[in-house]
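# Structural overview
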Amino acid sequence: MAGDESPVYFLFASGFNLPYSAAERRITKEHNEPMARDIMTYDVVVVGAGPSGLSAAIRLKQLAAEHNKDISVCVLEKGSEVGAHLLSGAVLEPRALNELFPDWKERGAPLETPAAEDRFLFLTKTRVFRLPTPPQMRNHGNYVISLGNLGRWLAKQAEALGVEIYPGFAAAEVLYDEKGAVRGVATGDMGVAKDGSHTDAYTPGMELHAKQTIFAEGCRGSLTKTLFEHFGLREGADPQTYGIGIKELWEIDPAKHRPGHITHTIGWPLDSGTYGGSWLYHMSNNQVSVGFVIGLDYSNPHLSPFEEFQRFKLHPAIKPLFEGARRISYGARALSEGGLQSIPKLTFPGGLIIGDAAGFLNVPKIKGNHTAMKSGMVAAEALFDHLNESSMGGTECISYPERLRKSWIWPELAAVRNIRPGFHWGLLPGLIYAALETYIFRGKAPWTLRNHADHLQLKRKDQAPVIDYPKPDGVITFDRLSSVFISNTNHEENQPVHLQLKDPGVPVKVNLALYDAPEQRYCPAAVYEIVRDADGGNPHLHINAQNCVHCKTCDIKDPTQNINWVVPQGGGGPNYPNM
């Protein structure tokens with residue numbers, strides 16, 4: 001997206017063949033010896049071109065223009081293009097967009113389908129009961145959208161303001177100065193073989209230095225989690241709790257299509273102790289977004305979120321919608337469900353955290369894009385003033401969390417802070433308590449319920465029932481490999497595995513022995529597989545890293561936190577067209 005004169009642009013667009021001017025700056029060294037990194041310097045570097053990161057970049061440039069200031073802003077995106085890794089339901093509350101671009105309609109923002117009727121259903125195995133729609137889930141004034149398309153549109157607005165956006169470059173390392181402050185990030189090396197040797201296409205990563213670095217990586221960001229540890233940012237906060245959202249996009253019979261129609265369900269196929277539910281959103285062009293979210297604090301190691309989603313579509317109240325229809329796309333993504341009490345410290349010397357990397361999702365509302373965008377805008381406003389006050393890099397923008405508390409994000413999240421942890425007691429008690437919080441306490445209960453760490457919630461394999469899932473029919477239900485195929489996921493196979501095991505023995509000695517290898521089931525992309533010799537002996541874990549859709553579930557749910565998800569070479573992963 002940047003101009004052709006940029007060496008970074010050529011790295012991506014020409015298959016890692018550097019332009020002559022950049023190649024001249026490289027020093028040829030012996031095989032596998034490090035080459036000098038190029039350095040690019042900006043006022044602000046944003047890691048992640050999602051709704052929060054792009055909103056932050058846009059707002060910074062708006063403020064610079066309003067005050068006749070020159071602020072250089074760069075956005076790095078690990079997907080092959082902006083939007084390639086964006087996945088959400090999605091119903092957008094346009095509150096933040098209204099503030100960012102009051103004229104978004106005239107600018108052609110892709111909000112084409114106004115929300116219409118809301119339905120909230122409780123499912124048993126064969127029946128359906130309509131429940132009153134909770135006020136948080138009412139969608140009048142909202143829009144059914146593709147988050148990927150909104151991201152692409154935001155990127156165009158950002159570029160028009162002078163933001164430099166570099167897709168296909170994964171930020172792989174946080175850089176620190178001599179005082180321990182963040183000084184920027186480095187992109188990953190390209191052309192590294194699986195065994196760590198350098199191929200003919202080897203190109204060292206590039207360092208991007210900045211006075212301030214904004215981390216907008218989304219849920220369970222690979223660099224953000226290192227910042228948590230380096231600066232102790234999670235001290236005093238509850239553990240973050242997560243969900244996995246699995247989505248399909250379908251083209252249905254026009255006679256069944258109802259643009260803007262919104263349905264959410266709870267109940268079957270999940271048991272009463274497992275948090276989760278589904279969505280059905282009628283988009284434009286006879287398309288329906290269907291998906292399922294399951295809290296990653298589930299306890300049964302035999303549960304498969306993917307299989308639960310597939311059998312949900314077989315419910316007699318759901319299946320007719322997909323008869324005669326065509327599945328178009330598939331994807332999955334983890335989401336942060338902890339709410340207010342799980343938000344970490346957001347600032348540190350040299351940078352700050354925004355969006356779902358911090359955890360601003362409003363779980364009862366089933367929305368986080370509006371809060372993500374607003375957090376980016378608030379961060380930009382705080383940083384703009386901070387940069388004017390201090391021209392030095394490595395300082396801490398302490399006004400950002402103060403401004404967040406004064407914005408509409410904080411009271412919105414505070415009012416619903418107890419609803420998600422209330423479901424730790426089970427579905428029915430959780431519903432009753434949610435009603436009390438909503439209608440009696442109105443979000444002002446004099447207590448705050450606590451969250452727990454998801455990876456500690458699994459029972460042993462002999463303490464939970466094995467679940468017998470139906471075989472896919474290839475018409476309405478599918479297997480994981482055929483699903484990954486339509487996610488357009490691709491990785492260079494000859495590269496180091498980006499799903500790293502801290503201890504290679506744990507998958508068999510612990511996970512298989514105690515939990516029947518749950519990574520085989522919680523991964524929605526068939527990445528993890530226990531394989532054995534012909535006689536059934538010598539079990540070991542095989543990692544199909546090329547299947548990875550970057551959902552981060554393995555990094556979250558592994559019982560001993562033995563799996564470390566790091567970025568693969570830039571541009572790898574899913575390529576979602578309209579998700």
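Residues numbered from 1 in each chain as written. Predicted model: local features only at pLDDT ≥ 70, side-chain atom pairs only at ≥ 80, totals over all residues. Heavy atoms only, no water.

### Brief notes about the overall build of the chain
In terms of helices and strands, the chain carries 17 helices and 24 strands. Relative to the 2.2 N^0.38 estimate, which gives 25 Å for 579 residues, the radius of gyration of the chain is 23 Å and therefore close to what a compact globule would have. Oriented by its inertia axes, the alpha-carbon framework of the chain measures out at about 70 × 65 × 50 Å. When the 579 residues of the chain are sorted by exposure, 61% land in the buried category. Of all intrachain contacts in the chain linking residues separated by at least 6 positions in sequence, the fraction that spans at least 24 positions is 77%. Accessible area for the chain stands at about 23100 Å²; split by element, carbon and sulfur atoms hold 52% of it. (Helix = DSSP H or I, 4+ residues; strand = E, 2+ residues; numbered from the N terminus. Rg over C-alpha atoms; globule rule 2.2 N^0.38 Å. Buried < 20%, exposed > 50% of the residue type's maximum accessible area, 1.4 Å probe, protein only. Contact = heavy atoms within 4.5 Å. Areas by Shrake-Rupley, 256 points an atom, 1.4 Å probe, with all protein chains shown as cover.)

### A look at the side chain of S407
Within the element layout of this structure, S407 appears in the loop between α10 (399-406) and α11 (409-415). The class for S407 is buried, based on a relative accessible area of 10%. Here the side chain of S407 touches L404 through a polar contact of 2.7 Å, landing on its backbone oxygen. (Polar contact = N/O pair within 3.5 Å; in protein donor to acceptor, adjacent residues only side chain to side chain.)

### A word on the layout of surface pockets
Taken as a whole, the second largest pocket spans an internal volume of roughly 1000 Å³. Taken together, 50 residues form the lining of the second largest pocket, with S222, K225, D555, N564 and W565 sitting closest to its centre. Every element with two or more residues in the lining of the second largest pocket is listed here: β9 (171-176), β11 (190-192), α6 (224-231), α17 (553-557) and β24 (563-565). Each residue belonging to the lining of the second largest pocket can be placed in one class, and the counts come to 21 nonpolar, 18 polar and 11 charged. (1 Å grid on protein atoms, 1.4 Å probe; cavity = no way out; pocket = protein on both sides within 12 Å on 5 of 7 lines; lining within 4 Å. Points joined across faces, edges and corners; volume = space filled by probe spheres on them. Nonpolar A, V, L, I, M, F, W, Y, C, P; charged D, E, K, R; others polar.)

### Focus: unusual backbone geometry
That bond from G89 to A90 is cis: its omega, -5°, falls within 30 degrees of zero. For the peptide bond that leads from W268 to P269, omega is 10°, which places it in the cis range. Located in the positive-phi region is D516, a residue other than glycine, with phi close to 60°. Tracing the sequence through the fold places D516 in the loop between α15 (506-515) and α16 (519-522). Judged by its relative accessible area of 28%, D516 is partly exposed. Despite not being glycine, A517 has its phi angle at roughly 50°, a positive value. By relative accessible area, A517 is classed as buried at 0%.

### Description of the packing of aromatic side chains
Per the stated rule, a full pass over the model turns up 13 aromatic pairs. Aromatic side chains W104 and Y143 sit 5.6 Å apart centroid to centroid with 85° between the ring planes, which places their arrangement in the edge-to-face category. Of the two residues, W104 is situated in the loop between α4 (95-100) and β4 (113-114) and Y143 in strand β7 (residues 143-144); the sequence distance between them amounts to 39 residues. Considered together, W104 and Y143 belong to a single accessibility category, that of buried residues. Ring pairing ties together the aromatic residues Y176, F215, F231 and F348, which thus form one cluster. Over the ring of F478 we find R327; its NZ or CZ atom is 3.8 Å from the centre of that ring. Above the ring of Y275, the side-chain terminus of R420 is found at 3.9 Å from the ring centroid. (Phe/Tyr/Trp six-rings, centres within 6.5 Å; stacked < 30°, edge-to-face > 60°. Lys NZ or Arg CZ within 6 Å of the ring centre and 35° of its normal.)

### Comments concerning the sheet that holds strand β6 (residues 128-131)
Judged by pairing direction, the sheet is mixed, and its 7 strands sit side by side in the order β6-β5-β15-β16-β17-β14-β18 without closing on themselves. Every interior strand has two partners, whereas the edge strands, β6 and β18 (326-336), have only one. In this sheet, neighbouring strand axes are inclined to one another by 20° on average, regardless of whether the strands run parallel or antiparallel. (Pairing = 2+ DSSP bridges. Axes fitted to C-alpha atoms, helices over the stretch in contact; angles between N-to-C directions.)

### A closer look at the confidence of the model for the chain
On average, residues of the chain score 94 in pLDDT, and 94% of them are at 70 or above. Overall, residues 1-31 carries pLDDT values under 50, and its contacts beyond four positions in sequence, including any with other chains, amount to 50 contacts. (pLDDT = per-residue confidence, 0-100.)

### Observations concerning helix α9 (residues 369-389)
Taking 1.5 Å per residue as the helical rise, α9 with its 21 residues ought to reach 30 Å, and the 30 Å between its terminal C-alpha atoms agrees with that figure. Taking burial as the measure, the 21 residues of α9 include 17 buried ones, the bulk of the element. (Expected span 1.5 Å × (residues − 1).)

### Details of helix α3 (residues 51-66)
For α3, with 16 residues, the first-to-last C-alpha span of 22 Å sits near the 22 Å given by 1.5 Å per residue. Within α3, 14 of the 16 residues are buried, which leaves it mostly tucked inside the rest of the structure. Immediately downstream of α3, the backbone of N68 shows phi near 55°, a positive value.

### Digging into the side chain of K247
With respect to the helices, strands and loops of the structure, K247 is situated in strand β14 (residues 242-251). There is no salt bridge for the buried K247, and the closest opposite charge comes from E248, which lies 11 Å off by N-O distance. A distance of 3.2 Å separates the side chain of K247 from the backbone oxygen of G89, its partner in a polar contact. At a separation of 2.7 Å, a polar atom in the side chain of K247 contacts the main-chain carbonyl oxygen of M579. (Lys, Arg positive; Asp, Glu negative; His and termini not counted. Salt bridge = Lys/Arg side-chain N within 4 Å of Asp/Glu carboxyl O.)

### What about the sheet that holds β4?
Pairing within the open sheet is antiparallel, and its 3 strands lie in the order β3-β7-β4. Where the open sheet ends on each side, the last strands, each with one partner, are β3 (91-92) and β4. Looking at chain direction, β4 and β7 are connected through 2 bridges and run antiparallel. Bridge pairing in β7 links T113 to V144.

### Things to note about the nonpolar core
Looking at soluble globular proteins, one finds that nonpolar side chains tend to be buried together. In this structure, L111, L154, I214, F215, F360 and Y400 are the most contacted members of the largest nonpolar core, which totals 82 residues. At 9 residues, α9 tops the list of elements feeding residues into this core. In this structure L111 touches L92, P94, L97, W104, Y143, I145 and L150, once residues within four positions along its chain are discounted. (Core = buried A, V, L, I, M, F, W, Y, C linked by side-chain atoms within 4.5 Å.)

### Focus on the environment of D516
C-alpha separation for the pair D516 and H455, spaced 61 residues apart in sequence, amounts to 15 Å. What D516 contacts, discounting residues up to four positions off in sequence, is H302, K461, N511 and R521.

### Points about the environment of P577
With respect to the helices and strands, the residue P577 is situated in the segment after β24. Once you skip the residues sitting within four places of it in the chain, P577 turns out to touch N149, R152, S329 and N488.

### What to know about the packing of α3 against α9
Packing of α3 against α9 leaves a shortest axis separation of 7 Å and a crossing angle of 35°. The two elements α3 and α9 cross, and the hand of that crossing is right-handed. Here P51, S52, S55, A56, R59, L60, L63 and A64 of α3 come into contact with α9, specifically with N369, A372, M373, S375, G376, M377, A380, E381, L383 and F384. Each residue belonging to the contact of α3 with α9 can be placed in one class, and the counts come to 11 nonpolar, 5 polar and 2 charged. (Left-handed = near helix turned anticlockwise from the far one by under 90°.)

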